[in-house]
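Observations on chain architecture
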Amino acid sequence: MQIRIEDALAYGQAILTALDVPADIAFDVAEHLVESDRVGYTSHGLSILPNYARVLRAGNLRGDGRLQLLTDSGSLLAFDGDNGFGQHIGKMAMKAAIERCDETGSCILTLRRSHHLGRMGYYGEMAAHAGLILLAFTNVVNREPTVAPYGGARACMTTNPLCFAGPLPGGRPPFIVDMATSSIAVNKARVLATNGEPAPAGSLIDAQGFPTTDPAALFTDPPGALLPFGGHKGYALGLVAELLAGVLSGGGTIQPEHPRQGVATNNLFAVLFNPQVDFNTSWRTHEVDAFIEYLHACPPQPGVDRVQYPGEYEAANRARNATAITFAPAIWQSLQALGDELGVAAPQA
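Note that the structure is a prediction, hence the values are computed from the model and not measured.

**Side note on the nonpolar core**
Judged by nonpolar contacts, the single largest core of 34 residues is most densely connected at L16, V21, L46, L49, F85 and F327. For this core, the secondary structure elements donating two or more residues are α1 (5–18), α2 (23–38), α3 (49–57) and α10 (329–342). Sequence-distant contacts of L49, that is, excluding residues within four places in its chain, are made with G12, I15, L16, L33, L335 and L338. Core analysis: the second largest hydrophobic core is formed by 27 residues, F79, I98, C101 and L272 among them.

Printed below as a string of structure tokens:
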């Protein structure tokens, strides 16, 4: 099913407003989700709306939640997300941090109690397009753990994504690293299970702790678990994200003293800075450009088109999906069922 970008955006916004979400928040959420679909991340796109509807109706997400300032001390901004939609809360927090960087050259940003922030690369692109460098760490609380620690047979952690972003010279797409510290994201496993596709080898264990490629093992009772990417290395980075985001934001970690209501709640720790502050502009531009050219000149392995840097994948998909997005049948049927339930007519293919 191929849907025009503007129709997909209007459909997502209409579904959210039918769920009593204020129009400006509904737009921010729908725009973020559609952009995720457009750049190739179906797991963080419109496919997630039925789950959002479920937590809204259960009272575990505030559709009208807005960003609340906790601390403003120069280059430090601390916010509370009011348990609102992360795609709106995160956008407002990042805008504030970008504006502060214009004044001070750098900003430390913390955010607690935000519902699912969505694709972290979205915020990386915001920073990069403003000419800034972003380092961001996120943890997930208020839900059951989904990731086993290195060597562990059951989940004790969550996917705890990292995001690193910055502009590149010469009109190149920005450098965007957006990755879970688990082997795959939970929503990726959900999409694979919905489409009847296997998970990559080494990404999952079942409820007994044995390796499996069945993504549905993550959703059994009792559940299996995702594994950290790269073994002990991904595990260590996941712990870094847990402690920076959970403790410095004040939002807490996944340890069992805190509630687990089945609602993805994010805490964030991020650093933004202007790379022009302490660098010679012409030298920096040349060095980055020469390094990217050096990478691109590397001969590819058999079966690989070319060597790319992180961010080119998203840019290529954005160009490829310039006017329309293609949805898998199972995902579109789920979206259409939600729209029908709410009296929102689905757009034509």
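This is not the end of the story, as more comes after the structure.
**Let's talk about the packing of aromatic side chains**
One pass over the structure, following the stated rule, counts eight aromatic pairs. Every member of this aromatic cluster is reached through a ring pair, and the members are Y11, F327 and W332.

**Brief notes about the sheet that holds strand β9 (residues 211–212)**
The three strands are arranged β9-β8-β10 in an open sheet whose pairing can be described as antiparallel. A strand with exactly one partner marks an edge of an open sheet, and here the two such strands are β9 and β10 (225–226). Pairing of strand β8 (residues 204–205) with β9 involves two bridges; the strand directions are antiparallel. Opposite I205, over in β9, you have P211 as the bridge partner.

**What about the sheet that holds strand β11 (residues 265–273)?**
Taken together, the seven strands give an open sheet; going across it, the order is β2-β3-β4-β11-β5-β6-β7, and neighbouring strands pair in mixed fashion. Taken across any chain shown, the strands that pair with only one partner, and hence form the sheet edges, are β2 (68–72) and β7 (175–179). Across the sheet, the mean angle from the axis of one strand to that of its neighbour is 15°, orientation sign disregarded. Pairing geometry for strand β6 (residues 162–166) and β7, over five bridges, is antiparallel. Among the inter-strand pairings, C163 is bridged to a residue of β7, identified as D178.

About the criteria used
Residues numbered from 1 in each chain as written. Predicted model: local features only at pLDDT ≥ 70, side-chain atom pairs only at ≥ 80, totals over all residues. Heavy atoms only, no water. Core = buried A, V, L, I, M, F, W, Y, C linked by side-chain atoms within 4.5 Å. Buried < 20%, exposed > 50% of the residue type's maximum accessible area, 1.4 Å probe, protein only. Helix = DSSP H or I, 4+ residues; strand = E, 2+ residues; numbered from the N terminus. Contact = heavy atoms within 4.5 Å. Phe/Tyr/Trp six-rings, centres within 6.5 Å; stacked < 30°, edge-to-face > 60°. Pairing = 2+ DSSP bridges. Axes fitted to C-alpha atoms, helices over the stretch in contact; angles between N-to-C directions.

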